[in-house]
Amino acid sequence: MDNISLYLRKKAAKNPASTIFPEGSDLRIREAAAKLVSENICKPVIMLNDKEKEDFDSLNGKISIIDPYDSKLKRMRRKMG
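Undergrad: Give a description of a positive patch on the surface that names residues and reports values.
TA: Where like charges cluster on the molecular surface, the positive patch consists of Lys72, Lys74, Arg75, Arg77, Arg78 and Lys79. The residue Lys72 is located in helix α4 (residues 71–80) in this model.

Set out below in structure tokens:
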């Protein structure tokens, strides 16, 4: 791994930001989120509906899950425009 990539990973690990992944049903997104958690790069938030949540391992709560059809989330979207 080159120095720039290593530097950025270390910097991200010092203060991991929350990152939302809207296509939570895609296996590649789930695998990427798991890798980001294992490397402590960010705090993944995956959008899954109730049916998809049942089949998802959140790595002991290290990956947050939100429902895209949740009424609270819809209100927040309306406020943001």
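Next comes the rest of the write-up.
Undergrad: Please provide a residue-by-residue account of unusual backbone geometry, values included.
TA: In the Ramachandran plot, Asn40 falls in the positive-phi region, its phi being about 55° despite a non-glycine side chain. Residue placement: Asn40 occurs in the loop between α2 (27–38) and β2 (42–47).

Undergrad: Quick rundown of the pattern of salt bridges? Include the residues and the values.
TA: Enumeration over the complete set of coordinates arrives at three salt bridges. Arg9 is the partner of Glu39 in a salt bridge, and the nearest nitrogen-oxygen pair spans 2.3 Å. In this pair, Glu39 sits in the loop between α2 and β2 while Arg9 sits in helix α1 (residues 3–14), placing the two residues 30 residues apart along the sequence. A relative accessible area of 30% means that Glu39 is categorised as partly exposed. By relative accessible area, Arg9 is classed as partly exposed at 30%. Put simply, Asp26 and Arg28 hold a salt bridge, and the shortest N to O gap is 2.8 Å. Look at Asp26 and you get partly exposed, because its relative accessible area is 24%.

Thresholds, definitions, all that
Residues numbered from 1 in each chain as written. Predicted model: local features only at pLDDT ≥ 70, side-chain atom pairs only at ≥ 80, totals over all residues. Heavy atoms only, no water. Patch = residues over 30% accessible without salt bridge, like charges linked within 9 Å, V, L, I, M, F, W, Y side chains within 5 Å. Areas by Shrake-Rupley, 256 points an atom, 1.4 Å probe, with all protein chains shown as cover. Salt bridge = Lys/Arg side-chain N within 4 Å of Asp/Glu carboxyl O. Lys, Arg positive; Asp, Glu negative; His and termini not counted. Charge placed at Lys NZ, Arg CZ, Asp CG, Glu CD. Helix = DSSP H or I, 4+ residues; strand = E, 2+ residues; numbered from the N terminus. Buried < 20%, exposed > 50% of the residue type's maximum accessible area, 1.4 Å probe, protein only.

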